[in-house]
There are 2 protein chains.
Amino acid sequence: MNIGEVAEAAGVPPKTIRYYEEIGLIRPQRGDNGYRHFRESDLHKLAFLGRARALGFSIADCRVLLALYEDEARSSAEVKALAEQHLAEIDAKIAGLTEMRETLGDLVRSCAGDNRPDCPILSSLADPES
Amino acid sequence: MNIGEVAEAAGVPPKTIRYYEEIGLIRPQRGDNGYRHFRESDLHKLAFLGRARALGFSIADCRVLLALYEDEARSSAEVKALAEQHLAEIDAKIAGLTEMRETLGDLVRSCAGDNRPDCPILSSLADPES
DNA sequence: CTTGACCTTCCAGTGACTGGAACCCCCATT
DNA sequence: AATGGGGGTTCCAGTCACTGGAAGGTCAAG
C-alpha cells in the first residue's frame, strides 16, 4: 500500500503518517522509487495510534502503549496504570474547564447584551472584587 | 514599577509580560537604562489579561476584549457575543473530554490490572470490533 | 569594590501536527 | 512521444502561548 491508501484505511492523514515515521513510531519499507510501502502490520499500527490519540493519549504514551502491545510478556497492570494516569489528567482538564464554564456562564447570564456599554463581563475582568 | 514588581502584582510572569509587549498587547514605557517602566494602567491591563486568559480566552480574544474595554462606545452585546462563543468552545471541549473519559473509563474498568498479559485496553485499541 | 538580585536581548524548544513550495513518478490518453 | 493529472517525495515555516537558558548590562547594599 502507498501512503494515500493506508491513510484512508487507517483514518490517519498522510502528513501525520510521515510525521509518525519521522519520530520513529512506524518504519515503513521503501520501494525503488522512494515511495513508502506499508504492510498490513503498518496499517494495524496506524489504526492503533489513531485510536489511542483519539482517546487523548500523548505521543509519548502511544509509544509506550505500542511497545506494551508488542510485548508478549507485558502485564495488564502496566497498561492499566498508564490508562488510569491518563484518566486522571482528563478528569483534571474537565474540572478546570467546568470551573471556567461556570464562572463565564455566570458572567454571560449577568450581561444584558444590549447596545449600552455597561458590561459585567468586562467589569469582572477589570476588577473581580468590584 | 519594574517588570518583577508588576509581575508579582498582576500575577503574570515577567517572561509572559515581555511576550505580551512583543505581540503588542501592552506598551510599557522605557527608562534611560532600558528597563521597562509600568504605570498603574499597565498593571491594570496585565491583571485584566491574566483573568481573561484564566477564563480560557485566546490571545486574539484578549486583544478584542481589551479593545472593547477601552472603547467607551462599545455595546455589551459585542462582549457577550464573544463570551458566548467562547462558552460554546468550552462546552465542546468538555463534551469531547467527557466522551473520552467514558470510553477510557469503561476500558479501565474492564482491565484486570494483574500480571497477565491479557488486556482489554490494548485489545480495544488494536481492534475495537473484536 | 564586590556581590547578588534584577534587568536586557536573543535563540531555541515545547506538542502534534499542518500548509505550502518545489520537485519526482506512474499511468493513461492523445 | 508528449502530456496531463493524480499520486508520491523532501524540506521549511507556521501554529499557540509561552518557557528555558545564555550572555551580558544595571543597581542598591554592605
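As a reminder, the structure under discussion sits directly above these lines.
Residues numbered from 1 in each chain as written. Chains lettered and ligands numbered in written order. Predicted model: local features only at pLDDT ≥ 70, side-chain atom pairs only at ≥ 80, totals over all residues. Heavy atoms only, no water.

1. A look at the relation of the copies chain A and chain B
Expressed as a screw operation, the relation of chain A to chain B combines 0.0 Å of axial shift with a rotation of 180°, fitting to an RMSD of 0.1 Å. As the rotation angle and translation indicate, the two copies are arranged about a two-fold axis. Of every C-alpha in chain A, the one belonging to I94(A) sits nearest the axis of rotation, 3.0 Å from it. When the interface residues of chain A are mapped onto chain B, 100% of them are again interface residues, pointing to one common binding face. (Least-squares fit on C-alpha atoms with pLDDT ≥ 70 in both. Contact = heavy atoms within 4.5 Å.)

2. Looking at the protein's contact with DNA strand D
Taken together, 18 residues surround DNA strand D, and among them G4(A), R36(A), K15(B), Y20(B) and R53(B) come closest. The sugar-phosphate portion of DNA strand D accounts for 66% of its atoms within 4 Å of the protein, the bases making up the rest. The separation between a phosphate oxygen of DNA strand D and a polar side-chain atom of R30(A) is 3.2 Å. Of all elements in the fold, only α1 (3-10) and α2 (14-22) of chain A together with α2 (14-22) of chain B reach the threshold of two or more residues within the surface near DNA strand D. Counting residues per element, the surface near DNA strand D draws most heavily on α2(B), which supplies 4 residues. (Near = heavy atom within 4 Å. Polar contact = N/O pair within 3.5 Å; in protein donor to acceptor, adjacent residues only side chain to side chain. Helix = DSSP H or I, 4+ residues; strand = E, 2+ residues; numbered from the N terminus.)

3. Describing the interface of chain A and chain B
Interface size, as often reported, equals the accessible area lost upon joining of the parts. Counting residues at the interface gives 52 residues for chain A and 52 residues for chain B. Here chain A meets chain B over a buried area of about 4300 Å², counting both sides, of which 74% is carbon and sulfur. A per-residue breakdown of the area chain A buries against chain B is headed by L104(A), L122(A) and L125(A), which together make up 16% of the total. Seen at the junction of chain A and chain B, the total is 2 salt bridges. R101(B) is the partner of D91(A) in a salt bridge, and the nearest nitrogen-oxygen pair spans 2.6 Å. For the side of chain A that touches chain B, the secondary-structure elements that each account for two or more residues are α3 (40-54), α4 (59-70), α5 (76-110) and α6 (120-126) of chain A. Here the side of chain A that touches chain B takes 21 residues from α5(A), the largest share from any one element. For the side of chain A that touches chain B, the per-class residue count stands at 29 nonpolar, 11 polar and 12 charged. (Buried area = accessible area lost by both parts, 1.4 Å probe. Salt bridge = Lys/Arg side-chain N within 4 Å of Asp/Glu carboxyl O. Nonpolar A, V, L, I, M, F, W, Y, C, P; charged D, E, K, R; others polar.)

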